[in-house]
Amino acid sequence: MLFIRSSLFQILFYVGTFLMMVICSPVLVLPRKWGWWVVPMWSRMNLLLLRFIVGLKVELRGRENIPKGKTGYIVASKHQSVWETFALIGSFPDPTFILKRELRWIPIFGWYTAKFRQIPINRGQRAVALAKMMEDAREAIDEGRQILIFPEGTRRPVGGDPKYKFGISHLYKDLQCPVLPVALNAGLYWPRQSWMLYPGTVIVEFLPPLPPGLEPTEFHRRLVGSIEGSCSQLYEDARKEPRPSPLLSRV
């Protein structure tokens, strides 16, 4: 049954995403703010599919730590799964992701990333790419948007050693804005590079924001410490599930 439920969700996830992009394509000619409703609706649709097909629920903690109103800041999230690439969208009023430039090349999907001004980065041209990313990020902050970034750059396996890159520190220093750390345990239920999904409750914890002005090394130390420390506790909380994830054995 687990394989059947996982397969059904995976099929509906990709087919449903494609159909929704095609059906809603008229928003691509509308002003960005008028067409944005499509994105959080897509996020909610997939969360509902996860809940009713896989049995995967969500618990959000620390929502009081999210800055109020349309304020520009950085959201630095742990990255373990496909889950957080869409599930976090609804928690913020006007988010934009920093993502690989190659995603812009995906037919239709890439058009949406361009329309809603997600921030691409070319990993092959480090200096030029960093300068362009900083320019786009500064514009987003000035507009009161929230920049979602995965500081480790790629999905990390549950129990794997953290590999936070210093790009987040450069971004923090240049933009001079708060950073909201986000811990989660989604990798226990939707592992990277896996077809299988497991029932349970993904726990997301929004941690107290780090204020602007910290020395980069101190900022990096506090960011990693807060996210990784919280993730460790979230793994322990996951052990209390009626049917704990089998991936807890790796922690």
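Here, every reference points to the structure presented above.
For the structure given in this document, a descriptive report is provided here. (Residues numbered from 1 in each chain as written. Predicted model: local features only at pLDDT ≥ 70, side-chain atom pairs only at ≥ 80, totals over all residues. Heavy atoms only, no water.)

Another point: helix α1 (residues 2-23). The terminal C-alpha atoms of α1 lie 31 Å apart, and with 22 residues this matches the ideal 32 Å at 1.5 Å per residue to within 8%. All buried positions along α1 are accounted for by Ser6, Ser7, Phe9, Gln10, Phe13, Gly16, Thr17, Met20 and Met21. Elements that come into contact with the buried residues of α1 comprise α3 (38-54), α4 (84-87) and α5 (109-115). (Helix = DSSP H or I, 4+ residues; strand = E, 2+ residues; numbered from the N terminus. Expected span 1.5 Å × (residues − 1). Buried < 20%, exposed > 50% of the residue type's maximum accessible area, 1.4 Å probe, protein only. Contact = heavy atoms within 4.5 Å.)

As a further point, take the sheet that holds strand β1 (residues 56-61). Hydrogen bonds between backbone atoms are what pair the strands of a sheet, whose relative direction is either parallel or antiparallel. With mixed pairing, the seven strands of this open sheet are ordered in space as β1-β7-β6-β2-β5-β3-β4. Looking along the sheet, the strands with just one partner apiece sit at the ends: β1 and β4 (119-121). Averaged over all pairs of adjacent strands, the angle between strand axes in this sheet comes to 20°, irrespective of strand direction. As judged from the four bridges shared by strand β2 (residues 73-77) and strand β6 (residues 179-184), these two strands associate in the parallel manner. Within β6, the residue paired with Ile74 across the bridge is Val179. Against the sheet, helix α7 (residues 167-175) contacts β2, β3 (95-100), β5 (146-149) and β6, and its axis sits at roughly 165° relative to β2. (Pairing = 2+ DSSP bridges. Axes fitted to C-alpha atoms, helices over the stretch in contact; angles between N-to-C directions.)

Another aspect to go through is the pattern of salt bridges. Taken as a whole and judged by the stated rule, the model has 14 salt bridges. Arg32 is the partner of Asp94 in a salt bridge, and the nearest nitrogen-oxygen pair spans 3.0 Å. Here Asp94 is found in the loop between α4 and β3, whereas its partner Arg32 is found in helix α2 (residues 32-35), with 62 residues between them in sequence. Judged by relative accessible area, which is 7%, Asp94 ranks as buried. Note that Arg117 and Glu143 form a salt bridge whose closest N and O atoms lie 2.7 Å from each other. Placement of the pair is Arg117 in the loop between α5 and β4 and Glu143 in the loop between α6 (126-142) and β5, with a sequence separation of 26 residues. With relative accessibility at 32%, the residue Arg117 sits in the partly exposed group. Taken together, the shared-partner salt bridges connect Arg32, Lys70, Asp94 and Arg145 into one network. (Salt bridge = Lys/Arg side-chain N within 4 Å of Asp/Glu carboxyl O.)

Inspection of the entire model under this criterion finds 13 aromatic pairs. Ring plane angle 25° and centroid distance 5.6 Å describe the contact between Phe9 and Phe13, whose orientation is recorded as stacked. Of this pair, Phe9 and Phe13 both sit in helix α1, four residues apart, roughly one helical turn. Each member of the pair, Phe9 as well as Phe13, is classed as buried. Ring plane angle 65° and centroid distance 6.3 Å describe the contact between Tyr73 and Phe92, whose orientation is recorded as edge-to-face. With Tyr73 in strand β2 and Phe92 in the loop between α4 and β3, the pair connects residues that are 19 residues apart, well separated along the chain. (Phe/Tyr/Trp six-rings, centres within 6.5 Å; stacked < 30°, edge-to-face > 60°.)

Judged by nonpolar contacts, the single largest core of 79 residues is most densely connected at Phe9, Leu50, Trp83, Phe86, Phe92, Leu171 and Trp190. Top element by residues in this core is helix α8 (residues 216-238). It accounts for eight residues. In contact with Trp83, not counting residues within four places along its chain, are Leu47, Leu50, Leu56, Val58, Leu88, Ala186, Trp190, Val202 and Val204. (Core = buried A, V, L, I, M, F, W, Y, C linked by side-chain atoms within 4.5 Å.)

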